[in-house]
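# Examination of the molecular architecture
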Amino acid sequence: MSELVRHYIGGQWVESGETFESRNPATEELIAPIAKATVEQVDAAVQAAKAAYRGWRLTPAPRRGEVLYAVAQLLTERKEALSRLMTQEMGKVLSEARGDVQEAIDMAYYMGGEGRRMLGYTAPVEMPDKFGMALRDSVGVVGLVTPWNFPVAVPSWKMLPALVAGNAVVWKPSEETPAVAAAFVKVFEDAGLPPGVLNLVLGAGDVGGALVAHPDVRVISFTGSTDTGLKVYQKAASLGKKVCLEMGGKNAIIVMDDANLELASKAITWSAYGTTGQRCTATSRLIVHKDIKAQLVEALGDRARTLKVGYGLEDGVEVGPLVNAKALEKVERYVGIGRDEGAQILIGGGRPNTARGYFYSPTLFGGVTPTMRIAREEIFGPVLSMIEVDSLEQAIEVNNGVPFGLSSSIFTENVNAAFRAIRDLTTGIVYINHGTTGAEIQFPFGGTRGTGNGMREAGSTALDSFTEWKSVYVDYSGRLQRAQIDNREG
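Reading the values: the criteria
Along each chain, the written sequence defines residue order, and numbers are assigned to residues from 1. For a predicted model such as this one, the threshold for reporting local features is a pLDDT of at least 70, and the threshold for listing and counting side-chain atom pairs is 80 or more; totals across whole chains, interfaces and linings nevertheless cover every residue. Hydrogens and water molecules were not included; the side-chain quantities draw on all heavy atoms of the structure. Elements are defined by DSSP. Helices are runs of H or I of four residues or more, strands are runs of E of two residues or more, and each kind is numbered from the N terminus. With a 1.4 Å probe rolled over the protein chains alone, any residue whose accessible area is under 20% of its type maximum counts as buried; one over 50% counts as exposed, and the rest are partly exposed. Two strands make a pair as long as DSSP finds a minimum of two bridges between them. Here a cavity is any set of points on a 1 Å grid over the protein atoms alone where a 1.4 Å probe fits but cannot get out, and a pocket is any open set with protein on both sides within 12 Å along at least 5 of 7 lines; a residue lines the site when it has an atom within 4 Å of a point. Grid points are joined across faces, edges and corners, and a volume is the space filled by probe spheres set on the points. We call Asp, Glu, Lys and Arg charged. Ala, Val, Leu, Ile, Met, Phe, Trp, Tyr, Cys and Pro are nonpolar, and the rest, Gly among them, are polar. Helix axes are fitted only over the stretch in contact, all axes being lines through C-alpha atoms; the angle between N-to-C directions runs from 0 to 180 degrees. Here a residue-residue contact requires only that any non-hydrogen atoms of the pair lie within 4.5 Å. We call a set of buried residues a nonpolar core when its members are Ala, Val, Leu, Ile, Met, Phe, Trp, Tyr or Cys and they connect through side-chain atoms within 4.5 Å of each other.

### Describing the side chain of N167
Positionally, N167 belongs in the loop between α5 (153-164) and β8 (168-172). Residue classification places N167 among the buried residues on the basis of a relative accessible area of 0%.

Written as structure tokens, this is what we have:
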């Protein structure tokens, strides 16, 4: 495609004077010119959402859910085209892109059902002839800022619960995936979502900053780097906004001496090098019991060295490019840091022999200690650091000793060890005998410590970010009753 990608504001596809480019990270070829939003267009999008909110919030929730069912159906029909565009624009291999879109399909069906399940509750009250209940209510205009690595799935975790709850949305996607974002929004338009309920503004950090600072945006939901997320948090909180953050990760797989090594090596390879390591849930630390380290390294080497690196639309490719030149430079810089810290490169450690594109070979470091930077800082690339331990207790301590707390995993055949890990691993997600990747939309997704601010996405808990509780009392006694006031006569 080469047609200008436009903003979607108030039900109209609009452009702006300034543009930027979206390029294929595998071929470096131009995908399309992209309209860059102005501050005035961000304001126009918010005003359109504010106006549309009045009618959308009064639309019965089951009817709002039916629009999401229509979105799910259209996504199913357009899955292949949207997946191919995703591979072209951000680089993940086609099979993974299909999974990205499928997650949005699943979320649309799930959240469509919440239109009939958005449950409050009743509770006994302390006065006679009085009734009490608690209801979820919409908030207003919601601002979404999302990353490029899951350009359909992650936005779906946010906008679908926001919409079914009765809010209106202004979305600023990553500047790396604007074409995918526009194609995703077109699905909502064609599904019959009323104009102004969902708005799209394209651009870089200044566009997101204008959205975060806008006085009429009541909720901000952000997924991205920790540095940017904390700036978003500070600004939004200073304006009294509700904020949902999903930020960095430094996830680990623990492999104990009784583990199934064939299963573990398969899971580690996929978790560390799938999506070229560009997942918030990617495994970047391998915590391995010393007694089986040599066997595991051999098994990993056999798998990692045979991974086919290349353009994700080509048959047999398993690892695509990094998203851009800056990401490639960051990975190369961290590999250099690892060498300088005394770690040894056991696998990979450089660019493959490709003429174009931002490719980097799957890399494994040995001799890593928990205090090294490569064991503590998020690299966001196909780089895995192996740390040797001699007990379950030490493995759990190493796992928990980083600033992030998104996902962790343990491979063991010992049920007691598995349950101790479940109890003691301080991450928002824990896997037993599986890699750190993958999330099912019916469960809460999010992390602890520097990964987030305690909010969760997906599952029914996603509604917590986009609703407020309203307590309602109905007194049918016909007289003044004052709760907590002692009316007993002495």
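### Looking at the sheet that holds strand β6 (residues 130-138)
The 3 strands are arranged β5-β6-β21 in an open sheet whose pairing can be described as antiparallel. The sheet terminates laterally at β5 (121-122) and β21 (467-475), the two strands that pair on one side only. Strand direction decides the pairing type here: β6 and β21, joined by 9 bridges, are antiparallel. Looking at the pairing, R136 lines up with W469 of β21.

### Details of empty space enclosed by the protein
All told, the structure shown has 2 cavities of 30 Å³ or more when counted by the stated rule. Estimates place the volume of the largest cavity at around 100 Å³. In terms of lining residues, the largest cavity is bounded by 15 residues, among which G277, A282, S284, E378 and F380 are the most central. Taken together, the residues that form the lining of the largest cavity break down as 6 nonpolar, 6 polar and 3 charged. Estimates place the volume of the second largest cavity at around 30 Å³. Around the second largest cavity sit K250, N251, R285, N399, V402, F404, G405, L406, S407, S408 and T427, which together line it. Residues belonging to the lining of the second largest cavity are distributed by class as follows: 3 nonpolar, 6 polar and 2 charged.

### What to know about the pairing of strand β4 (residues 30-35)
Direction of pairing for strand β3 (residues 19-23) relative to β4: antiparallel, over a ladder of 5 bridges. Paired with E21 across the strands is P33, a residue of β4. Hairpin connection between β3 and β4: a loop of 6 residues separates the two successive antiparallel strands, and E28 in this loop has a positive phi of roughly 65°.

### What about the sheet that holds strand β14 (residues 344-347)?
The strand order across the open sheet built from 7 strands is β14-β15-β16-β13-β12-β18-β19, with neighbouring strands paired in mixed fashion. For this open sheet the edge positions go to β14 and β19 (429-432), each flanked by a neighbour on one side alone. Shown here is a sheet whose adjacent strand axes are inclined to one another by a mean of 25°, direction ignored. Relative to strand β18 (residues 407-411), strand β12 (residues 251-255) runs parallel, the two sharing 4 bridges. Following the sheet pairing, V255 is matched in β18 by F411. Across the face of the sheet, helix α11 (residues 325-341) comes into contact with β14, β15 (363-368) and β16 (383-389) while running at roughly 25° to β15.

### What about the nonpolar core?
Among soluble globular proteins, nonpolar side chains are generally buried collectively. Counting residues in each nonpolar core, the largest one holds 99 residues, and the members touching the most others are W171, F188 and I374. Each residue touching F188, except ones within four places of it in the same chain, is listed here: V71, M159, L160, L163, L193 and L198. Core analysis: the next-biggest nonpolar cluster, separate from the first, contains 25 residues, A168, V212, F222 and L245 among them.

### A closer look at the layout of surface pockets
Taken as a whole, the largest pocket holds about 1400 Å³ of empty space. Lining the largest pocket are 42 residues, and of these W148, G224, S225, T228 and K326 sit closest to its centre. Counting residues per element, the ones that place at least two in the lining of the largest pocket are α7 (205-213), β10 (219-223), α8 (226-238) and α11. Residue composition of the lining of the largest pocket, by class: 16 nonpolar, 13 polar and 13 charged. For the lining of the second largest pocket, the elements supplying multiple residues, two or more each, are α4 (94-114) and α5.

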